[in-house]
Each structure stands twice: as structure tokens, then as C-alpha cells.
Amino acid sequence: MDMLNELHVLDAWFVTRIRLDEWIVTHLRGKAPFERGHTLKIPAAMREAILRGRDTKSKAEVQLEAVAGRTGHRNPGEPAFVGAPLVVGDQLFGVLCGLDMSAKLKPEHQDSPHLMTAARILSTILRNELEHEELVRRAERAEADALVDELTGLFNRRGWDRLTEAEETRSARYGHGATVFMMDVDGLKQKNDAEGHLAGDELLRRVADAVRSVIREHDVAARLGGDEFAVLAVESDDEQSNGLHDRLEEAFAAAGVQLSIGTAHRVFGSGIADAVERADAAMYERKAARSGVEARRA
């Protein structure tokens, strides 16, 4: 981005990560009416304008609506906006963007070979970095094999803490989405009291097997202790996390176990640790609500 600014001086150059209709600002150079970590709600027209190369005026207009209308920058004049897509493999990762609030946009800015070259170079760098991160992630899982719960074979709390910390670093750098599932087995104490701890241990193993049957290879699943389990669905959007939630409930039902589940999405800027707290609170709320219903039925 520093190279681009030397060639085309604009108020700001920034990189966004696209997730559904949200563009998350992951890197920023210069002065803009938002900061790194800001989420821009981008209309479909803006996405089409960039990806299909429409005229500069329409891009500036939709950027004004998307940025000024959501940042309190009410009278910016006529902003200049340029952008080029960042493509990793065959997937759209994000957009390399330039913004100038003084409206000194020239046709050569959008059609600049420097802009397109920079986007291609950055796309290649991103692809290489993401491939490297996947290798690192696999190495982390292998190292954490020593940090597993002996009863269930899932990661223990130390393994969970180590791996979620590593995923937080990736999420902050690349704008990855993530969802935390906190789960508490219903009735474990009663089962231990009535049938013995061997029966309780078998119940916990069925929970772990159900979790393993539906999560993806790079997700993190752990038994945090006692009857508490957790899953981190990495690089997931709302649709993917909703699908995993449904698969978990179906797997638990098939295994004959009942759990209270709480979920929370990672919010850019507050991180996975905050999502863990919110998911844990949601899980206890659901558990309390279900206990109340069962008590009324009794």
C-alpha cells in the first residue's frame, strides 16, 4: 500500500476481508473516516461496481453511501474511490481499496496497471500466507496431541487455550470469522449417582464421539473439564455455524445424550475470548430455562 500511495496519492489505502455483505477493514494506511477493524456494510451495487469494473462515478456514489452513512462523516464532498479484487485460488478474499475525500479521482486511478498489479501481488502473498498458516495449524494440532483429555480423546483445557489463542491471531490478521460453542452435559451427576462413574464416563465418550462426527478437520473440540465441552468453528460464517449447530444437535440426539448449547460469534476487535464468555453465558441461560421447564412439568 505504501508503494501505491507513492504512485497514486490518496487519503487512504486499505484492505478489506469480505464476509457475506460485510467488508472488514484488516489493514489501513492513511486517513479515512473509519479505523482498522471497522466493518463496512456494503450494498450489493458496490460489490458489483468493483468486480465488474463499472464507471468511477457509480463507485464513488455507492462508497459515499456505504462509508459516510455509517461513520458520522456527513459532508465529505465527493469522495474518490478505487478498488481491485483480491482473489485466493478461485475464491474472492477481499478488496484492495483506495479512498480520497477530495474528489481528485482521475480515470487512470481505477484503470491503473499499478493498482491491478498490486492486487495480483497481494493475492499471491495472501495465498502463500494462508497455505503456510494451514501447515502451521496442522503442526499446532500435532503438538497439542499431548494436551488431550485421556477419557474422551478431545483436547483438554490447556490444549483449548493454546489453540484458540493461535486461531485468534489468525482471525485478527486475516479477518476470519469464528464461532464458539459451549456445551454442558445434562444429568451427568445423576447418572454417576444412579449407575456409577463407569456409566458416566461412557456418556462423556458418546458426547465426544458425536462432536468428532460432525466438526471439520481444522475445528477445535475440547473437554474443558467435568461435563463441559467446547468447539471452535474456525473460518466460519453464520450459515456454516448454524449448520454445525444443527449437526451437533442431531448427533447428540442419535447418541442418546442431552446437552445445553450456547453459541457466540467472534466479533472483530473483541476476539475469541469474548465469544467464549458470551457463549458460556448463553449456555447457562438455556440450561436454566430447560431446568425450569422440566421442573414445571414435574
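Calculation rules
- Residues numbered from 1 in each chain as written.
- Predicted model: local features only at pLDDT ≥ 70, side-chain atom pairs only at ≥ 80, totals over all residues.
- Heavy atoms only, no water.
- Buried < 20%, exposed > 50% of the residue type's maximum accessible area, 1.4 Å probe, protein only.
- Helix = DSSP H or I, 4+ residues; strand = E, 2+ residues; numbered from the N terminus.
- Pairing = 2+ DSSP bridges.
- Contact = heavy atoms within 4.5 Å.
- Axes fitted to C-alpha atoms, helices over the stretch in contact; angles between N-to-C directions.
- Expected span 1.5 Å × (residues − 1).
- Arc of directions from axis to C-beta.
- Polar contact = N/O pair within 3.5 Å; in protein donor to acceptor, adjacent residues only side chain to side chain.
- Core = buried A, V, L, I, M, F, W, Y, C linked by side-chain atoms within 4.5 Å.

K.L.:
Would you mind going over the pairing of strand β8 (residues 228-234) in detail, with residue names and values included?
P.N.:
Burial runs high along β8: seven of the seven residues are buried. Residues E228, A230, L232 and V234 point to one face of β8 and F229, V231 and A233 to the other, with burial holding for every one of them. Relative to β8, strand β7 (residues 220-225) runs antiparallel, the two being bridged by five bridges. Looking at β8, one finds that A221 is bridged to V231. Turn length for the β7-β8 hairpin, with the two strands adjacent in sequence and antiparallel, is two residues, and the turn residue G226 shows positive phi of about 55°.

K.L.:
Explain the environment of L224 to me, using residue names and the numbers behind them.
P.N.:
Residue placement: L224 occurs in strand β7. For the pair L224 and W160, spaced 64 residues apart in the sequence, the C-alpha separation amounts to 7.7 Å. With residues up to four places along the chain from it excluded, the contact list for L224 reads R157, W160, M182, F229 and A230.

K.L.:
Can you tell me about the sheet that holds β7, naming the residues and giving the values?
P.N.:
Spatially, β7-β8-β6-β9 is the arrangement adopted by the four strands of the open sheet, whose pairing is antiparallel. Every interior strand has two partners, whereas the edge strands, β7 and β9 (259-265), have only one. Mean inter-strand twist for the sheet, computed between neighbouring axes without regard to direction, equals 20°.

K.L.:
So what's going on with helix α6 (residues 157-174)? Residues and values would help.
P.N.:
Helix length check: α6, at 18 residues, gives a terminal C-alpha distance of 26 Å against a target of 26 Å (1.5 Å per residue), a fit within 8%. Listed in full, the buried residues belonging to α6 are G159, W160, L163, T164, A166, E167, R170, S171 and Y174. Down the axis of α6, the buried side of the element spans an arc of 160°, and every buried residue falls inside it. Set apart from the buried face of α6 by more than 90 degrees, the exposed residues are R158, E165 and T169. You can read the cap of α6 off the contacts: a side-chain oxygen lies 3.2 Å from the backbone nitrogen of R158, and it is on N156.

K.L.:
Any chance you could break down the side chain of N192 for me, citing the residues and the numbers?
P.N.:
By the element assignment, N192 lies in helix α7 (residues 188-195). Ignoring anything within four residues of it in the chain, the contact list for N192 reads H197 and G200.

K.L.:
Please set out the nonpolar core residue by residue, giving values where relevant.
P.N.:
Soluble globular proteins: nonpolar side chains tend toward being buried together. In terms of nonpolar packing, the biggest core is built from 24 residues, with M183, V211 and F252 touching the most fellow members. Taken together, the elements giving at least two residues each to this core come down to β6 (178-185), α8 (197-214), β8, α9 (238-255) and β9. Here this core gets seven residues from one element, more than from any other, and that element is α8. Formed by 18 residues, the second largest nonpolar core is a distinct cluster that contains F155, M182, I272 and A279.

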